[in-house]
Amino acid sequence: MPTSLLTTRPAAPHAAGKQRIAAAVEAARAELLDLSHRIHANPEPAFEEHQAAAWCAETLRAHGFEVELPAGRLATAIRATRRGGRGGEAPRIGILAEYDALPGLGHGCGHNTMASSGVGAAIALAAIADELPGVIVFLGTPAEERGSGKQFMIDDGLFDGLDAALLYHPCDRSHVDIAPLASIDVEVVFTGLQSHAASDPWKGRNALDAMILLFTSVGLWRQQLRPSARVHGIIQEGGTAANIIPDRTKAWFMVRSDDDADYQAMQVRFRQLCDAAALATDTRAEVTFSGGSRTMRTNRILAERWMANAAAYGIEDMGGDASYGSTDMANVSWVCPAIHPDLAIAPFPTPGHSIRFRDAAVTPMADETVLMAATIVAQTAFDLFADPTLVEAAWAEFRASEPSGG
Ligand SMILES: [Zn+2]
Ligand SMILES: [Zn+2]
């Protein structure tokens, strides 16, 4: 990993201001790493990040932010604002932070490092707020791993008026470009009828048979799917006893594609597979789609600033990953100029969503990345605060790349 935050000269322009940002992050080192470690030690799944949100809010308040928690309908969403000393409403630069963990795994996606680096970027900007126009807007965004919390926050108006949205995500490589798949969660419940599995099984209707048929259908369907499409699921309820014909089974699937039209068609087809399994077993299927995330529009203007600021610390952009999961940050990228840069917290290759990645998220390498990410996010924000034409250019690109017909 790169060189010291205190001795390295940041990227032009505005290197002096960016140096003060790096120093502010370094000054908050103990506070930020303590926050990262505490969140890591207390993993909370999507929509239940009460402790993590409270800790982030507490730190932001201590650094002069006006904090709303909850913000909007989600109990664990945060909006914290701090006005620049030069006045005015523009620009409003969003610093985002995720803090949800994975059920049964903990912080296997390393979101503890995102939370603390997002807070770090915000408080570093607050340290030089006197020289800034506009508003620093920190958004604590729940439920990235399931449920697309950012979409709720968009619908609640929490992204209204934002000129740019910045964050960092941990990875085993460093790069600014990502190509997340559009993704949606599907809950499938089959309802049948119980009966004794030995004395009178013919009186029952087997909801587990329906579930097995659905998994078989999905398995066969895969051969006909595009290489970039994904469909995968787990059985959450599979019956209660071997001598009872199961009257209820439940599964959680995800349907994903990098192509919007394909993504829509896959959802229709998936629903048909559920109905077909119900028909074949004389059971009833309830299919509920929720928490959709979209494909990402990486803003090149912001990406170039990020890469320049990162390069000053010796971070070479390694190019996008060959394959990627999904993220609700992509939804934000359809609302305002946005980037989703990744920085390494672990040596390559360390798979995400794994025990190894979870354990990596509190190593000295991850800790240094927390501080580095906070610095580069804040410096990229500083570029935007300092130069209104950069904000205009980011928006010009955003509008020009909008698909025709909206
Ligand atoms: Zn993640
Ligand atoms: Zn993840």
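Given the structure is predicted, the values throughout are model-derived calculations rather than measurements.

Caption draft 1: Up close: the domain arrangement of the chain. Taken domain by domain, the chain holds domain 1 (15-180 + 296-400) and domain 2 (182-293). Here the C-alpha centroids of domain 1 and domain 2 sit 36 Å apart. With 9 residues of domain 1 at the contact, the number on the domain 2 side is 8 residues. Summed over both partners, the interface of domain 1 with domain 2 comes to about 670 Å²; 50% of that surface belongs to carbon and sulfur atoms. Among the residues of domain 1 in contact with domain 2, Arg146, Ser148 and Ser326 are the three that bury the most area, contributing 46% of the side total. Counting across the interface, domain 1 meets domain 2 through 0 salt bridges. Remark: the boundary between domain 1 and domain 2 carries 4 residue pairs in polar contact (both at pLDDT 80 or more). Counted by class, the side of domain 1 that touches domain 2 contains 1 nonpolar, 6 polar and 2 charged residues.

Caption draft 2: Looking closely at the packing of helix α2 (residues 29-41) against helix α3 (residues 50-62). Packing of α2 against α3 brings their axes to within 10 Å, and their N-to-C directions diverge by 170°. The orientation of α2 relative to α3 falls into the category roughly antiparallel. Within the contact between the two elements, α2 uses Glu31, Leu35, Arg38 and Ile39 and α3 uses Ala52, Trp55, Cys56, Glu58 and Thr59. Split into classes, the residues belonging to the contact of α2 with α3 amount to 5 nonpolar, 1 polar and 3 charged.

Caption draft 3: Highlighting the coordination of the zinc ion (ligand 1). Here the zinc ion (ligand 1) is held by Cys109 (SG), His111 (NE2) and His169 (NE2), and the distances to it run 2.0 to 2.3 Å. All donor residues of the zinc ion (ligand 1) come from one chain, and their arrangement in sequence is C-x1-H-x57-H. The metal-metal distance between the zinc ion (ligand 1) and the zinc ion (ligand 2) comes to 3.1 Å, with Cys109 coordinating both. Of this pair, Cys109 sits in the loop between β3 (92-98) and α4 (111-127) while His169 sits in strand β6 (residues 169-171), placing them 60 residues apart in sequence.

Caption draft 4: Molecular detail of the coordination of the zinc ion (ligand 2). Within the first shell, the zinc ion (ligand 2) binds the protein through Cys109 (SG), Glu145 (OE), Glu145 (OE) and His353 (NE2), at distances of 2.1 to 2.7 Å. The sequence pattern formed by the donor residues of the zinc ion (ligand 2) is C-x35-E-x207-H. According to the relative accessible area criterion, His353 is partly exposed, its value standing at 42%.

Caption draft 5: How the structure looks around the packing of helix α8 (residues 300-311) against helix α12 (residues 388-400). Following both chains from N to C, one finds α8 and α12 inclined at 130°, their axes separated by 8 Å at the closest point. Overall, the two elements α8 and α12 adopt an arrangement that is oblique. Seen from α8, the contacting residues are Arg300, Ile301, Leu302 and Arg305; seen from α12, they are Leu390, Ala393, Ala394 and Glu397. Each residue belonging to the contact of α8 with α12 can be placed in one class, and the counts come to 5 nonpolar, no polar and 3 charged.

Caption draft 6: Quick peek at α12. Between the first and last C-alpha of α12 there are 18 Å, a value that for 13 residues agrees with the 18 Å anticipated at 1.5 Å per step. Here α12 has its buried residues at Leu390, Val391, Ala394, Trp395 and Phe398. For α12, the angular spread of the buried residues around the axis is 135°, confining them to a single face. Exposed residues on α12 whose side chains face more than 90 degrees from its buried face are Pro388, Glu392, Arg399 and Ala400. Those residues of α12 that are buried are in contact with α8 and α11 (364-386).

Caption draft 7: Quick look at the sheet that holds strand β9 (residues 248-257). The 4 strands are arranged β8-β9-β7-β10 in an open sheet whose pairing can be described as antiparallel. Strands with a single pairing partner mark the edges of an open sheet, and in this sheet they are β8 (230-237) and β10 (284-293). With strand direction ignored, the average angle separating the axes of adjacent strands in the sheet is 20°. Bridge count for strand β7 (residues 182-191) against β9 is 10 bridges, and the pairing is antiparallel.

Rules behind the numbers
Residues numbered from 1 in each chain as written. Chains lettered and ligands numbered in written order. Predicted model: local features only at pLDDT ≥ 70, side-chain atom pairs only at ≥ 80, totals over all residues. Heavy atoms only, no water. Domains from an automatic or database assignment. Contact = heavy atoms within 4.5 Å. Buried area = accessible area lost by both parts, 1.4 Å probe. Salt bridge = Lys/Arg side-chain N within 4 Å of Asp/Glu carboxyl O. Polar contact = N/O pair within 3.5 Å; in protein donor to acceptor, adjacent residues only side chain to side chain. Nonpolar A, V, L, I, M, F, W, Y, C, P; charged D, E, K, R; others polar. Axes fitted to C-alpha atoms, helices over the stretch in contact; angles between N-to-C directions. Helix = DSSP H or I, 4+ residues; strand = E, 2+ residues; numbered from the N terminus. Parallel < 35°, antiparallel > 145°, perpendicular 65-115°, else oblique. Donors = N, O, S within 2.8 Å, 3.2 Å for Na, K, Ca; no water. Buried < 20%, exposed > 50% of the residue type's maximum accessible area, 1.4 Å probe, protein only. Expected span 1.5 Å × (residues − 1). Arc of directions from axis to C-beta. Pairing = 2+ DSSP bridges.

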